[in-house]
Amino acid sequence: MVQLDSVTKVYQKKHSSVTALNEFDLQVKKGEFVVVKGPSGSGKTTLLLAIGGMLRPTSGIVTVNGNDIYDLSEKKRAKFRAENIGFVFQLFHLLPYLNVYENILLPDGVAANRAGLTEVKEILDRLRLTDRAYHKPGELSVGERQRTAIARALLNGPDILLADEPTGNLDSENAAQVMDYFAGFHNNGGTVIVVTHGNEAEQYADRTIYLNNQLL
Amino acid sequence: MILKLLIKEILHRKLNSVLSLLAIITAVTLFVSFFTMSEASKRETIRLTRDMGFNLRIIPKETDMNQFWLTGYSDLTMPEEYVDKFFLYENFSYAHLTATLHKKVTWRNREVILTGISPEIEPSGIEKTSMIFSIEPGTVYIGFEIANSFGITTGDELDIFNKSFTVARILSETGSSDDIRIYTSLIDVQEMVGKRGEINEIKALNCLCLTSDEINPIEILRNQLNEVLPDAKVIINQTIAVARERQRMMVEKYIVFILTFVVIVCAIWIAALAIINTRERQRETGILRAVGYRIGKIAVLFLGKALLLGLVGGIFGYFIGTGLASLIGPEIFKITANTIKPVYSLLIWSVIVAPVFTAFSTLIPASLAVTRDPALILMEE
């Protein structure tokens with residue numbers, strides 16, 4: 001499902017360069033729940049964005065669902081991402097001028113497998129957002145914002161859910177709820193990769209990977 | 001979805017949108033008001049030039065010039081067909097042409113000048129704004145002094161040498177012999193004074209063509225005239241007209257310079273706002289890329305906003321500019337005040353040029369924003 005072969009990512013700065021990933025190999029099977037842990041600066045987010053087709057590695061191959069995603073054109077990669085990958089970020093990354101309903105529908109405008117009204121209602125209901133559907137992010141609690149972000153990530157029925165510190169801004173109750181949603185997705189056959197430096201995700205994981213100075 | 005995102009974003013970042021809109025409206029307003037008034041300025045110059053007198057006057061060759069300058073017209077006449085000869089002579093350059101017949105007569109025990117004017121003749125194939133009275137047969141224009149003395153008003157029926165006329169217009173006071181003139185059609189005057197087919201002057205105006213220092217038009221004209229009308233002579237008075245035209249052109253160039261400056265400032269203003277806007281929206285571009293939007297689609301969001309604001313700004317700018325020209329124009333151009341009218345073709349230009357101009361000003365910051373690595377943007381948090 002997800003395979004990284006000798007992936008290296010070097011960030012070029014003005015007078016120096018930083019190696020975030022160095023000859024990194026990884027294999028995540030379909031339906032696996034993987035937690036990636038490590039201290040700040042260990043390359044966790046780089047890894048996640050590279051898997052998500054958002055960050056081209058300096059070298060190496062990233063294969064997702066059998067596609068070398070950086071071999072695809074920008075247009076095809078964007079479409080692939082819209083249809084196969086759901087992202088959840090620590091800071092939710094919702095558009096401030098769209099309400100919950102519109103934020104959830106954001107990927108729908110670009111995905112081939114567009115959601116129907118029933119699916120949107122169902123996902124709003126499942127994530128307990130029905131009453132907040134027409135509220136803007138600024139009017140939501142942090143837990144509701146993260147649930148909105150999860151709803152957006154799940155709308156088009158992706159195969160893979162990539163989450164970057166999804167509980168980093170949440171209290172323990174909301175964090176547990178978020179992890180429950182991920183577990184639900186995983187139980188339905190979805191692949192989950194969660195990047196975190198917290199401990200709450202590990203109990204849901206099939207496997208935990210530790211990243212520390214680019215070493216497993 | 002794109003249009004929805006576009007409109008929602010505009011409404012969300014009101015200040016940025018309003019300031020951008022203001023810049024566009026300013027630029028379009030200035031352009032529209034300038035061009036609307038520039039037409040008025042041109043017409044005003046034409047009117048002022050006309051009021052200074054025709055700069056080409058063709059009169060019978062044997063005219064006593066002493067008498068001509070004293071009375072303002074020739075006592076002698078020449079055949080009306082000279083006008084046709086003039087018209088058909090292709091090498092002769094002129095802008096507006098008319099034939100007149102003047103005769104001092106006594107009417108209601110007062111000496112008045114009866115002036116017959118032929119319909120304006122324009123060079124074939126050239127469309128020009130009419131600069132000469134066009135008087136319908138059976139109607140008269142009455143000089144200020146005569147109208148004042150006899151209490152004549154527009155619409156009155158007058159009997160002049162056994163012919164019945166309707167007063168079409170009372171002319172404003174000029175402080176010249178025009179105040180004791182009765183203008184009517186050439187054919188009516190020819191009938192009244194018994195000079196059918198005769199005129200005593202051909203007047204031509206081409207003040208707007210004489211702008212080059214290198215040309216000495218009088219020599220060219222006299223040589224040309226000798227060829228076609230050997231029994232006539234030409235008097236040219238171009239100095240004032242040319243000076244006024246040159247002054248107008250100078251002012252026009254000056255305003256074009258100012259306008260260019262204003263437009264550049266507006267473009268920088270829009271670009272600066274676009275930079276602020278794109279910086280504010282960097283995270284947004286990252287999110288959109290993460291959920292699968294292509295660079296092209298995101299660029300449409302930025303440029304679409306510019307096009308939409310440009311369109312709205314263009315429409316508002318046109319109406320405000322036209323309104324300003326209608327409001328201020330009559331104060332500046334008093335003679336041709338009534339002719340300041342909306343130039344509707346500018347509306348089309350405004351709704352085309354303003355969006356393109358705005359999109360162009362936004363292009364660089366938008367390109368930089370959408371091509372920035374979305375991963376780096378998202379990792380900046």
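What counts, and where the lines are drawn
- Residues numbered from 1 in each chain as written.
- Chains lettered and ligands numbered in written order.
- Predicted model: local features only at pLDDT ≥ 70, side-chain atom pairs only at ≥ 80, totals over all residues.
- Heavy atoms only, no water.
- Helix = DSSP H or I, 4+ residues; strand = E, 2+ residues; numbered from the N terminus.
- Buried < 20%, exposed > 50% of the residue type's maximum accessible area, 1.4 Å probe, protein only.
- Contact = heavy atoms within 4.5 Å.
- Areas by Shrake-Rupley, 256 points an atom, 1.4 Å probe, with all protein chains shown as cover.
- Salt bridge = Lys/Arg side-chain N within 4 Å of Asp/Glu carboxyl O.
- Buried area = accessible area lost by both parts, 1.4 Å probe.
- Pairing = 2+ DSSP bridges.
- 1 Å grid on protein atoms, 1.4 Å probe; cavity = no way out; pocket = protein on both sides within 12 Å on 5 of 7 lines; lining within 4 Å.
- Points joined across faces, edges and corners; volume = space filled by probe spheres on them.
- Nonpolar A, V, L, I, M, F, W, Y, C, P; charged D, E, K, R; others polar.
- Expected span 1.5 Å × (residues − 1).
- Bend = angle between axes of the 7 residues up to and from the residue.
- Axes fitted to C-alpha atoms, helices over the stretch in contact; angles between N-to-C directions.
- Parallel < 35°, antiparallel > 145°, perpendicular 65-115°, else oblique.
- Left-handed = near helix turned anticlockwise from the far one by under 90°.
- Phe/Tyr/Trp six-rings, centres within 6.5 Å; stacked < 30°, edge-to-face > 60°.
- Lys NZ or Arg CZ within 6 Å of the ring centre and 35° of its normal.
- pLDDT = per-residue confidence, 0-100.
- Polar contact = N/O pair within 3.5 Å; in protein donor to acceptor, adjacent residues only side chain to side chain.

Visitor: Explain the overall build of chain A here, please?
Guide: The number of helices and strands found in chain A is six helices and nine strands. Looking at the 216 residues of chain A, the share that counts as buried comes to 56%. Of all intrachain contacts in chain A linking residues separated by at least 6 positions in sequence, the fraction that spans at least 24 positions is 71%. Accessible area for chain A stands at about 9300 Å²; split by element, carbon and sulfur atoms hold 46% of it.

Visitor: Where do I start with the pattern of salt bridges in this structure?
Guide: Two side chains bearing opposite charge may form a pair once their charged atoms approach each other closely. Residue and element names in this part refer to chain B. What the rule picks out here adds up to 20 salt bridges over all chains. Among the salt bridges present, the one from glutamate 284 reaches arginine 13, with a minimum N-O distance of 3.6 Å. Separated by 271 residues along the polypeptide, glutamate 284 in helix α9 (residues 282–290) and arginine 13 in the loop between α1 (2–12) and α2 (14–51) bring together distant segments of the chain. Pair check on accessibility: glutamate 284 and arginine 13 agree, each one buried. Each member of the salt-bridge network shares a partner with another, and the members are Glu9, Arg13, Glu280, Arg281, Glu284 and Lys305.

Visitor: Can you walk me through the interface of chain B and chain A in this structure?
Guide: Reports often express the size of an interface as the amount of accessible area lost when the parts come together. Facing the 28 residues of chain B at the interface are 28 residues of chain A. Contact between chain B and chain A buries roughly 2500 Å² in total, counting both sides, with carbon and sulfur atoms accounting for 69%. When the buried area of chain B at its contact with chain A is split by residue, Ile287(B), Val291(B) and Met379(B) rank highest and sum to 20% of it. Along the contact surface separating chain B from chain A lie three salt bridges.

Visitor: It is not clear to me how the pairing of strand β2 (residues 17–28) of chain A should be interpreted in this structure. Could you clarify?
Guide: Within a regular beta strand, the side chains point alternately toward one face of the sheet and then the other, so they alternate between its two faces. Residues and elements named next belong to chain A. Examined bridge by bridge, strand β1 (residues 2–12) and β2 share eight bridges and lie antiparallel to one another. Note on β2: the bridge partner recorded for glutamine 3 is glutamine 27. Hairpin connection from β1 to β2: four residues lie between these consecutive antiparallel strands.

Visitor: Looking at this structure, I do not really get the layout of surface pockets. What am I missing?
Guide: Remark: the empty space left among the atoms is shown by a probe the size of a water molecule rolled over them. Within this model, the second largest pocket holds a volume of roughly 620 Å³. Taken together, 27 residues make up the lining of the second largest pocket; nearest its centre are Gly41(A), Thr45(A), Thr46(A), Asp164(A) and Met379(B). When contributions to the lining of the second largest pocket are tallied by element, the ones reaching two or more residues are β1, β2 and α1 (44–51) of chain A together with α12 (374–379) of chain B. Each residue belonging to the lining of the second largest pocket can be placed in one class, and the counts come to 10 nonpolar, 12 polar and five charged.

Visitor: Is there a simple way to explain helix α10 (residues 295–332) of chain B in this structure?
Guide: One turn of the α-helix equals 3.6 residues, which is why residues spaced by three or four share an orientation. In a regular helix each residue adds 1.5 Å, so 38 residues correspond to 56 Å; α10(B) covers 51 Å between its end C-alpha atoms and thus fits that length. Largest kink in α10(B): about 30°, centred on Ser326(B), with the proline Pro330(B) one to four residues after it.

Visitor: Would you mind going over the packing of α1(B) against α10(B) with me for this structure?
Guide: Relative orientation and spacing of two packed helices are given, respectively, by the angle between their axes and the distance between those axes. Residue and element names in this part refer to chain B. Close contact between α1 and α10 brings their axes to 10 Å; oriented N to C, the two are set at 55°. Judged on the interaxial angle alone, α10 and α1 are oblique. The hand of the α1/α10 crossing is right-handed. For the pair formed by α1 and α10, the contact residues are Ile2, Leu5, Leu6, Ile7, Glu9 and Ile10 on the first element and Lys297, Val300, Leu301, Gly304, Lys305, Leu308 and Leu309 on the second.

Visitor: Where do I start with the sheet that holds strand β5 (residues 67–68) of chain A in this structure?
Guide: The pairing of strands in a sheet comes from backbone hydrogen bonds and takes either a parallel or an antiparallel form. Residues and elements named next belong to chain A. Read across the open sheet, the four strands follow the order β2-β1-β4-β5; overall the sheet is antiparallel. Each edge of the sheet is formed by a strand with only one pairing partner; in this case those strands are β2 and β5. Direction of pairing for strand β4 (residues 59–64) relative to β5: antiparallel, over a ladder of two bridges. Note that in β5 the partner of threonine 63 across the bridge is aspartate 68.

Visitor: I would appreciate a short explanation of the packing of aromatic side chains in the present structure.
Guide: The relation between two aromatic rings is expressed through the spacing of the ring centres and the mutual angle of the planes. All names here are of chain B. The final tally for this structure, using the stated rule, is seven aromatic pairs over all chains. Against the face of phenylalanine 150 rests arginine 108, its NZ or CZ located 5.3 Å from the ring centre. The aromatic ring of phenylalanine 302 is capped on one face by arginine 281, whose charged end is 4.3 Å from the ring centroid.

Visitor: I tried to follow the pairing of strand β8 (residues 181–185) of chain B on my own but got confused; where do I start?
Guide: Residue and element names in this part refer to chain B. Burial of β8 is extensive: five of the five residues sit out of reach of the surface. Bridge analysis of strand β4 (residues 110–117) against β8 gives five bridges, and the strand direction is parallel. Its bridge partner being in β8, isoleucine 113 is matched across the sheet by arginine 181.

Visitor: When you look at the environment of Pro330(B) in this model, what are you seeing that I'm missing?
Guide: All names here are of chain B. Assignment of secondary structure puts proline 330 in helix α10. Considered as a pair, proline 330 and alanine 40 are 290 residues apart in the sequence and their alpha carbons are 9.0 Å apart. If sequence neighbours within four positions are ignored, proline 330 has contacts with Ala325, Ala337 and Ile340.

Visitor: In this structure, what is going on with unusual backbone geometry? I would like to understand it.
Guide: Peptide bonds are trans in most cases, and residues, glycine excluded, mostly fall at negative phi. Although it is not a glycine, Glu165(A) adopts a positive phi angle of roughly 45°. The class for Glu165(A) is buried, based on a relative accessible area of 8%.

Visitor: Would you mind going over the sheet that holds strand β7 (residues 160–164) of chain A with me for this structure?
Guide: Residues and elements named next belong to chain A. Overall, parallel pairing links the five strands, which are arranged β6-β7-β8-β3-β9 in an open sheet. At either margin of the open sheet sits one strand with a lone partner, and together these are β6 (85–89) and β9 (207–210). Across the sheet, the mean angle from the axis of one strand to that of its neighbour is 15°, orientation sign disregarded. Both β6 and β7 contribute to a ladder of five bridges, which runs parallel. Counted as the bridge partner of isoleucine 85 is isoleucine 160 from β7.

Visitor: What am I meant to see in the confidence of the model for chain A here?
Guide: In low-pLDDT segments, the atomic positions of the prediction should not be examined closely. When pLDDT is averaged across chain A, the result is 87; 94% of the residues are at 70 or more. Across chain A, the secondary-structure element scoring lowest on mean pLDDT is helix α4 (residues 117–126) of chain A, at 84, and the one scoring highest is β4(A), at 94.

Visitor: Whenever I open this one, the environment of Ile295(B) confuses me. Can you help?
Guide: Tracing the backbone shows Ile295(B) in helix α10. Taking the C-alpha atoms as reference, Ile295(B) lies 5.9 Å from Val370(B); in sequence the two are 75 residues apart.

Visitor: Sorry, what's going on with the side chain of Glu32(A) here?
Guide: Residue position: Glu32(A) is located in the loop between β2 and β3 (33–37). Among the polar contacts made by the side chain of Glu32(A), one reaches the side chain of Arg207(A) at a distance of 2.8 Å.

Visitor: Explain helix α5 (residues 142–154) of chain A here, please?
Guide: With 13 residues, α5(A) ought to run about 18 Å at 1.5 Å a step, and its terminal C-alpha atoms sit 18 Å apart, in line with that. The buried fraction of α5(A) amounts to 11 of the 13 residues, a majority that puts the element mostly inside the structure. Of the positions making up α5(A), those classed as buried are Gly143(A), Glu144(A), Gln146(A), Arg147(A), Thr148(A), Ala149(A), Ile150(A), Ala151(A), Arg152(A), Ala153(A) and Leu154(A). In this fold, the buried residues of α5(A) make contact with β6, α3 (100–105), α4, β7 and α6 (172–187) of chain A together with α9 of chain B.

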